[in-house]
Amino acid sequence: MYTTKDLPKITTHVLQEMKLKGEKIAMLTGYDYSMARLLDEAGIDVILVGDSASNVMAGNATTLPITLDQMIYHASSVMRGVKRALVVVDLPFGTYQGNSKEALNSAIRIMKESGANAIKLEGGKEIVESIDRILSAGIPVLGHLGLTPQSINKFGTYVVRATEEKEAAKLVDDAKILEKSGCFGIVLEKIPASLATQVTKVVKIPTIGIGAGHEVDGQVLVLHDMLGINQEFSPRFLRRYHNLHDEIIKAFLAYIHDVKTVNFPSNKEQY
Ligand code: KIV
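Each chain has its residues counted from 1, running along the sequence as written. Given that this is a predicted model, residues contribute local features only at a pLDDT of at least 70 and side-chain atom pairs are listed and counted only at 80 or more, while totals for whole chains, interfaces and linings are drawn from all residues. Only hydrogens and water are set aside; all other atoms, that is, all heavy atoms of the structure, feed into the side-chain values.

(A) Here's a closer look at the sheet that holds strand β8 (residues 218–221). Two strands form a pair only when DSSP identifies at least two bridges running between them. Where helices and strands are cited, they refer to DSSP runs of H or I of at least four residues and of E of at least two residues respectively, numbered from the N terminus. Read around the closed barrel, 8 strands run β1-β2-β3-β4-β5-β6-β7-β8, paired in parallel fashion. Mean inter-strand twist for the sheet, computed between neighbouring axes without regard to direction, equals 25 degrees. Note that strand β2 (residues 46–49) and strand β3 (residues 86–90) share 4 bridges and pair parallel. Bridging across to β3, Val49 finds its partner in Val89. Here helix α5 (residues 100–114) sits on the sheet in contact with β3 and β4 (118–120), set at roughly 135 degrees to β4. Only the stretch in contact is used when a helix axis is fitted, and all axes are lines through C-alpha atoms; the angle between N-to-C directions ranges over 0 to 180 degrees. Only heavy atoms matter for contacts: two residues are in contact if any of them lie within 4.5 Å across the pair.

(B) Structural detail: the domain arrangement of the protein. According to the domain assignment, the protein contains domain 1 (12–240) and domain 2 (244–271). Start and end positions for the domains come from either an automated domain assignment or a database one. The centre of domain 1, based on its C-alpha atoms, is set 39 Å off from the matching centre of domain 2.

(C) Summary view of the site of the ligand. In the vicinity of the ligand, the contacting residues are Thr29, Leu48, Gly50, Asp51, Ser52, Asp90, Lys120, His144, Val187, Glu189, Ile210 and Val222. Pairs of N or O atoms within 3.5 Å make up the polar contacts considered here, provided that, within protein, one atom can donate a hydrogen while the other can accept it, and that residues adjacent in sequence are counted only when both atoms are side-chain atoms. Ser52 is positioned with one of its side-chain polar atoms (N or O) 2.5 Å from an oxygen atom of the ligand. Take Asp90: an N or O atom from its side chain is 3.1 Å from an oxygen atom of the ligand. In terms of residue class, the shell around the ligand is made up of 4 nonpolar, 4 polar and 4 charged. Only heavy atoms are used to decide nearness, and a residue is near a molecule or strand if one of them lies within 4 Å of it. Throughout this entry, Asp, Glu, Lys and Arg are counted as charged residues, while Ala, Val, Leu, Ile, Met, Phe, Trp, Tyr, Cys and Pro are counted as nonpolar. The remaining residues, Gly among them, count as polar.

(D) Inspection of a nonpolar patch on the surface at higher detail. Like charges within 9 Å and nonpolar side chains (Val, Leu, Ile, Met, Phe, Trp, Tyr) within 5 Å are joined into patches, using only residues over 30% in relative accessible area that form no salt bridge. Computed with a 1.4 Å probe, the accessible areas rest on the Shrake-Rupley method; for each residue, only the protein chains presented here act as cover. For salt bridges, the criterion is a side-chain nitrogen of Lys or Arg within 4 Å of an Asp or Glu carboxyl oxygen. On the surface, Ile248, Ile249, Phe252, Leu253, Tyr255, Ile256, Val259 and Phe264 cluster together to form a nonpolar patch covering roughly 740 Å² of accessible area. As for its position among the elements, Leu253 is in helix α11 (residues 244–260).

(E) Broad picture of the packing of helix α6 (residues 128–136) against helix α8 (residues 165–181). Put simply, α6 and α8 touch, their axes get as near as 10 Å, and they point 20 degrees apart. One finds that α6 runs roughly parallel with respect to α8. The two elements α6 and α8 meet at a crossing, and its hand is right-handed. Two secondary-structure elements touch here, α6 through Val128, Ile131, Asp132 and Leu135 and α8 through Ile177, Leu178 and Ser181. In these notes the angle categories are as follows: under 35 degrees is roughly parallel, over 145 is roughly antiparallel, 65 to 115 is roughly perpendicular, and the rest is oblique. Two helices that cross are described as forming a left-handed crossing if the nearer one is turned anticlockwise from the farther one by less than a right angle, and a right-handed crossing if clockwise.

(F) How the structure looks around α6. All of the buried residues in α6 are Ser130, Ile131 and Ile134. Take α6 and look down its axis: the buried residues cluster within an arc of 100 degrees, on one side only. In α6, the exposed positions angled more than 90 degrees off the buried face are occupied by Glu129 and Ser136. Turning to α6, the residues buried within the fold contact α5, β4, β5 (141–146) and α8. At the C-terminal side of α6, Gly138 shows a positive phi close to 85 degrees. Burial classes follow relative accessibility: with a 1.4 Å probe on protein chains only, a residue under 20% of its type's maximum area counts as buried, one over 50% as exposed, and anything between as partly exposed. Note that the arc is defined by the directions from the helix axis to the C-beta atoms.

(G) Here's a closer look at the pairing of β2. Side chains Val46 and Leu48 project from β2 onto one buried face, and the interleaved Ile47 and Val49 project onto a second face that is buried too. Looking at chain direction, strand β1 (residues 25–29) and β2 are connected through 3 bridges and run parallel. Looking across to β2, one finds that Thr29 is bridged to Leu48.

(H) Up close: the packing of α8 against helix α9 (residues 193–202). Viewed as axis vectors pointing N to C, α8 and α9 meet at an angle of 30 degrees, and their least axial separation amounts to 10 Å. The pairing of α8 with α9 is recorded here as roughly parallel in orientation. Between α8 and α9 lies a crossing whose hand is right-handed. For the pair α8 and α9, contact is made by Ala168, Leu171, Val172, Ala175, Lys176 and Glu179 and by Leu195, Gln198, Val199 and Val202, respectively. Per-class residue counts for the contact of α8 with α9 are 7 nonpolar, 1 polar and 2 charged.

So, in structure tokens, the structure goes:
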């Protein structure tokens, strides 16, 4: 069987080397121990404990309700399943915007209580004070530009971002600011592929795209979407690698049938 035991532990420095070598970075979200073990065994480079947990794990319509305690719970579960991958955790909405001391305290809580390797926050120039303070405590930071779901109430929709020249120029400036402050990488979400390519050339740190074309340094998808557990969400950028929704329903139906018809347990499945 494919094994990752001889592959090196992924650090932020390894990601930087991967960009230099032109080796693509594979990142997926993860929220629990069992899936984290599978992701790590398969050799994923980065696991993002995304605040998309608010949607796919808790059933909320947006990422806004998830709390710092809940993110720490998910991150700790993931950490117990990981040997090799780099684990990055989202700072949830309301724990870093507008107050850099609170941002630092939130980041420290995540690192101390979950044992994760890095944190991610959404935004550019407007959150740079928080980024500076977190970095000065030795905590690696991943930036996130383009569609930033924590600002859904400002944007009003989840459509492609930065299609207008002014917003695209701000995004390039923000990417340079994040690089200058010391972020080890930037997630680029749902922006034109040509803009993502431009940013990837302009900055020396790795860019990780989701709906940002293939000329970025790596890709990320939400686990439940790429496994086809979630059937309602179908943006153009999403490739489904499995149809787990149908597979799981099939298994549940078979179980229900066996219980109702007393086909389970059999004589061999009892004491
Ligand atoms: O929370 C999340 O899953 C994310 C990815 C979509 C990048 O931020």
